[in-house]
Amino acid sequence: MAQPTPTRLIMCGGHGNGTALPNGLQTAPSNCNPILPDPTETLVAHDLPDGYWLEPFYFNNDDVYPDLIGYGLGAKDKPATITLFVNPKNAPLTNAKSWIPIPIQTMDFPVAVTFADLTGDGYNDIVICDRYGPTMNDLWDADTNNGGRVQWLQNPRNRLASGDWEAHHIGNSTGMHRLKIGHFTITSHFQVLAIPVIPRSGDLTSPAPVIVFTPEYGSDPSKGPQSWRKDVPFSSEFRLIHDIKVLPPALGNVQQGLDTALVAGREGVVYLYYDTDGGKWKYNVVGTGLPQEGDNPYWGSGSVDVGAVHDDPVGYIATCEGFHGNVVSVYIKKEGAPKGAASLLDSTHWERVKIDDFGPLNAEHTGTIHHVATADFEGVGIDAFAIACMGAPIGKPENEGVYLYRPTDLRNAKFHKSKVTNRSAGRLAIARYSSDSLDIGSISYYVPGYHTGPDCPSIRINPNAFFSPLSATDIRVQRLQDEVLILVPRPETATTPTGTSVQLVDVAGRRLHVHVLPPNAKANFDLRDGIKVMYGEIIVKDGDRNDVRRGVAPDPYTATSTGLVDSEGSITAGPAGTVVMQLEYLSGQSQGPFHTMAELPIANVFPSSAPSDVRELEFGFVKCEELPWASSGKWDGFEFYNMRGFHVYFGDDSLEKLCHVQLWTLGLGETVSCLTDTRRLR
């Protein structure tokens, strides 16, 4: 088949309040839209020059929470900065609240990264490939231009050390594109499985080698490998491999004690393993994936992962197809197939089912899906899977972001699809970043000359509580640095006649609660309590026992009390139900006035069911003149204080925001003040 003539640059082996970057690092392109902070996510970094790879990284083998390694591909004469983003959980002495960017290396066209402890000191070293070349049609040759280079970067044992990661050569192969660490033929040392995407510039038809680099140590292993032996178990079998999934022995591999691998490429989903009995590598094509169509050179599979189902660690296979394609498929295991990786030895155990399609490819045969990854986000013993969508074509928002697919009827390949984030995503990084729950990290796919999108590149983490299905039926809370995300169910989904509620904080003799009441439900409160509607409406009685309806906001130029006048202190939810904030009157506690802010009592009262980092959060007021929006000086000396705050959202797929709750105090003798653009009004 004749190769199509490329019409634009191709990257990535075929297609080519977070933390702002510190001084010395490149900043975001001038023609992209700045990222607007979203309280439903942790913004790790913004204003990046580009975006491609993101990897959870455990700096030390004893780390409970990972850091992140993130970077873009760079460009000609603009090397990329490999950055270690330090999790604030791992930097307690710095008192950091945001992730700390530490530049560790500068490289030309870096692509994939992985890690392992290569020196035996308990600190993980980085293995990375770079010098890929500007495009798939302009690869840097391994022999003439040091192209397709693989290196390992030695951990300096100081997490905050900038640029101290010494580079050591491993090997080269033109078009080097994916790397994974494992014990593939030996158990004594880690090996590197390294796979180029194509063997030479513009050649989409010839096979590329599958390479295994094995370290050779000297008399002092603590100094790391002195050299690496290069073996090529497969030289002419596979083309356009775009992803590797390592399967550890715990997944029931045929060769006890050795890692095996699934790869995704033009040949589909392929299982690679070393046969210790015969002393040779073997493979099995589990499924051929997306069929070849017309002149499209990208068929087969583009990314792959396995999903556990209870006691079967390889219960199903999730894939995106083909290469930067638009199709989501799963391989369902047939009844009677063996559990674990043994089922991958026979393709008749599997049935491919297409479950989603993001529409036709563009003229260059490019789609939007770049990565797939599985995890048991809910702790129920059945993995769901997520996909990263770059955002192609631009202007089609449903093709951009991260989607989650949860099995609902696995035997019949039925999945529930929901969206995690609307931001462009090229790579997923699933890990426990701040609690026992699995969160989803992602980085924008932003490759100038191939695909950029309208928004500036960023790295963010979407917390588990936000996309967990439990948040659709109960109230869930998640810490967002100094604030709390509150996910509430829709009133019509309440599982009890009286709805559900959560208490938040005590301030100045009042306790704040969020209540969700089903349609037409009745609730009783103390007459001294205040009730503020955040969604729907409530019905209360006035002094003449007439019904009065209160909604989210009164009519313009009018005011409505939050107090209750019904002698029973009762409210009734409207026909759509309601979400309200209760300001409970705490008997025996001072209601003020307070003469100094130090007199103001504040206490975190989140229940024991809330995550520990939420219960440990210390709430407090900050004088407004110290806040960024008051830097003009017009607020100096004004006794006005602010306390952040709670972001209230519906916890279903709509991602609908209800409100941002903040608290304010005003000095005695001061008048109410509000902020408009540039001036203060009293």
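Presented here is an overview of the structure given in this document. All residue numbers here refer to positions counted from 1 along the written sequence of the relevant chain. For a predicted model such as this one, the threshold for reporting local features is a pLDDT of at least 70, and the threshold for listing and counting side-chain atom pairs is 80 or more; totals across whole chains, interfaces and linings nevertheless cover every residue. Hydrogens and water are ignored here; the side-chain numbers use all heavy atoms of the structure.

### With respect to the overall build of the protein
Reasoning step 1: A run of H or I in DSSP counts as a helix once it spans at least four residues, and a run of E counts as a strand once it spans at least two, with each numbered from the N terminus. When you go through the protein residue by residue, the secondary structure sums to three helices and 43 strands.
Reasoning step 2: Both definitions apply: the radius of gyration is a C-alpha atom measure, and the globule rule equals 2.2 Å times residues to the power 0.38. Its C-alpha atoms give the protein a radius of gyration of 28 Å, within 12% of the compact-globule value 26 Å for 682 residues.
Reasoning step 3: The buried share among the 682 residues of the protein stands at 56%.
Reasoning step 4: Using a 1.4 Å probe, the Shrake-Rupley method yields the accessible areas, and only the shown protein chains count as cover for residues. Of the roughly 27,900 Å² of accessible surface on the protein, 48% is carried by carbon and sulfur atoms.
Reasoning step 5: Working convention for charge: Lys and Arg count positive, Asp and Glu count negative, and His plus the chain ends are omitted. Charge positions are represented by NZ for Lys, CZ for Arg, CG for Asp and CD for Glu. Side chains of the protein give 55 positive and 78 negative charges; the mean places of these two sets differ by 2 Å. Only protein chains enter the calculation, and the probe is 1.4 Å; a residue is then buried if its accessible area is under 20% of its type maximum, exposed if over 50%, and partly exposed in between.

### Describing the sheet that holds strand E23 (residues 369-375)
Reasoning step 1: Strand order in this open sheet of four strands is E23-E24-E25-E26, and the pairing throughout is antiparallel. Looking at strand neighbours, the two that pair on one side only are E23 and strand E26 (414-421), the edges of this open sheet. The average undirected angle you get between the axes of adjacent strands in this sheet is 25°.
Reasoning step 2: For two strands to be treated as a pair, DSSP must find at least two bridges joining them. Of the pairings in the sheet, the one linking strand E25 (residues 400-409) to E26 comprises seven bridges and is antiparallel in character. The residue bridging Val 402 from the neighbouring strand is Thr 421, located in E26. For every element, the axis is a line fit to its C-alpha atoms; helices are fit only across the contacting stretch, and the angle between N-to-C directions ranges from 0 to 180 degrees.

### Concerning the pairing of strand E19 (residues 303-309)
Reasoning step 1: The buried count for E19 comes to seven of seven residues, which makes it a mostly enclosed element.
Reasoning step 2: Here E19 shows no split at all, with Ser 303, Asp 305, Gly 307 and Val 309 on one side and Val 304, Val 306 and Ala 308 on the other all buried.
Reasoning step 3: Pairing of E19 with strand E20 (residues 312-321), which is carried by six bridges, proceeds in the antiparallel orientation. Bridge pairing in E20 links Val 309 to Asp 312.
Reasoning step 4: Taking the residues that link successive antiparallel strands as the turn, the E19-E20 hairpin has two residues, and the phi of His 310 there is positive, at about 55°.

### Considerations on unusual backbone geometry
Reasoning step 1: For the bond from Glu 321 to Gly 322, the omega torsion is -20°, close enough to zero to count as cis.
Reasoning step 2: As for its position among the elements, Gly 322 is in the loop between E20 and strand E21 (327-333).
Reasoning step 3: Cis rather than trans, the peptide bond between Arg 644 and Gly 645 has omega equal to -25°.
Reasoning step 4: Mapped onto the fold, Gly 645 is located in strand E40 (residues 640-650).
Reasoning step 5: Phi is positive for Asn 520, which is not a glycine, with a value near 65°.
Reasoning step 6: Here Asn 520 lies in the loop between strand E33 (510-517) and strand E34 (522-524).

### So, the pattern of salt bridges
Reasoning step 1: Whenever Lys or Arg places a side-chain nitrogen within 4 Å of a carboxyl oxygen from Asp or Glu, that contact is recorded as a salt bridge. One pass over the full model with this rule turns up 26 salt bridges.
Reasoning step 2: One salt bridge in this structure joins Lys 97 and Asp 482, with 3.3 Å as the shortest N-O distance. Taken together, the positions of Lys 97 in the loop between strand E5 (80-86) and strand E6 (100-107) and Asp 482 in the loop between strand E30 (476-480) and strand E31 (483-488) put the pair 385 residues apart, joining distant regions of the chain.
Reasoning step 3: Taking the shortest distance from any N to any O, the salt bridge between Lys 417 and Asp 356 comes out at 2.9 Å.

### Quick notes on the environment of Pro 628
Reasoning step 1: Within the secondary structure, Pro 628 is located in the loop between strand E39 (622-623) and E40.
Reasoning step 2: Judged by relative accessible area, which is 69%, Pro 628 ranks as exposed.
Reasoning step 3: Measuring from C-alpha to C-alpha, the distance between Pro 628 and Leu 658 comes to 24 Å, with 30 residues separating the pair along the chain.

### Re the sheet that holds strand E8 (residues 125-130)
One key point about sheets: their strands pair by backbone hydrogen bonds, in either a parallel or an antiparallel sense.
Reasoning step 1: Ordered in space as E7-E8-E9-E10, the four strands form an open sheet in which the pairing is antiparallel. Strands at the two margins of the open sheet, each flanked by one partner only, are strand E7 (113-116) and strand E10 (166-172). Each strand of the sheet is rotated relative to its neighbour by a mean of 25°, with strand direction disregarded.
Reasoning step 2: Pairing of strand E9 (residues 149-154) with E10 involves six bridges; the strand directions are antiparallel. Looking at the pairing, Gln 154 lines up with Glu 166 of E10.

### Quick notes on the packing of aromatic side chains
Reasoning step 1: Geometry of aromatic contacts follows a simple scheme: Phe, Tyr and Trp rings, the Trp one being its six-membered ring, pair when their centres are within 6.5 Å, and the pair is stacked under 30 degrees between planes, edge-to-face over 60, tilted otherwise. Tallied over the full model, the rule gives 31 aromatic pairs.
Reasoning step 2: Measuring from ring centre to ring centre gives 5.4 Å for Phe 619 and Phe 646, while their planes differ by 45°; the resulting arrangement is tilted. One end of the pair, Phe 619, is in the loop between helix H3 (612-615) and E39; the other, Phe 646, is in strand E40, with 27 residues separating them in the sequence. Considered together, Phe 619 and Phe 646 belong to a single accessibility category, that of buried residues.
Reasoning step 3: Among the aromatic residues, those joined into a cluster by ring pairs are Phe 57, Phe 59, Phe 115, Tyr 123 and Trp 165.
Reasoning step 4: We note Arg 427 situated over the ring of Trp 53; from NZ or CZ to the ring centre the distance is 3.9 Å.
Reasoning step 5: Only Lys NZ and Arg CZ are tested; either one counts as a charge over a ring when it is within 6 Å of the ring centre and within 35 degrees of the ring normal. The ring of Phe 650 carries Arg 490 above its face, with NZ or CZ at 4.0 Å from the centroid.

### Describing the state of the cysteines
Reasoning step 1: Cysteine sulfur pairs qualify as disulfides if the two atoms are within 2.5 Å. Inspection of every chain in the model, using the stated rule, returns one disulfide.
Reasoning step 2: A sulfur-sulfur distance of 2.0 Å marks the disulfide that ties Cys 32 to Cys 456. Residues Cys 32 and Cys 456 are joined through a disulfide that is right-handed, its torsion about the S-S bond being 95°. Of this pair, Cys 32 sits in the loop between strand E1 (19-20) and strand E2 (42-46) while Cys 456 sits in the loop between strand E28 (439-443) and strand E29 (459-462); the two residues are 424 residues apart in sequence, bridging distant segments of the chain. The same class applies to Cys 32 as to Cys 456, namely buried.

### Some thoughts on the environment of Gly 499
Reasoning step 1: In this structure, Gly 499 sits in the loop between E31 and strand E32 (500-507).
Reasoning step 2: With 24 residues separating them in the primary sequence, Gly 499 and Ala 523 have C-alpha atoms 9.3 Å apart.
Reasoning step 3: We call two residues in contact when some of their heavy atoms are within 4.5 Å. Sequence-distant contacts of Gly 499, that is, excluding residues within four places in its chain, are made with Ala 494, Val 516 and Pro 518.

### What to know about the nonpolar core
Reasoning step 1: Counting residues in hydrophobic clusters, the biggest one holds 52 residues, and the most contacted among them are Leu 84, Ile 126, Val 127 and Leu 179.
Reasoning step 2: Setting aside anything within four residues of it in sequence, one finds Leu 179 in contact with Ala 112, Thr 114, Val 127, Ile 128, Cys 129, Val 150, Val 192, Leu 193, Ala 194 and Ile 244.
Reasoning step 3: If you look at the next biggest cluster of nonpolar residues, it comprises 33 residues, including Leu 504, Val 505, Val 579 and Ala 610. Take the buried Ala, Val, Leu, Ile, Met, Phe, Trp, Tyr and Cys residues and link them wherever side-chain atoms come within 4.5 Å; each set so joined is a nonpolar core.

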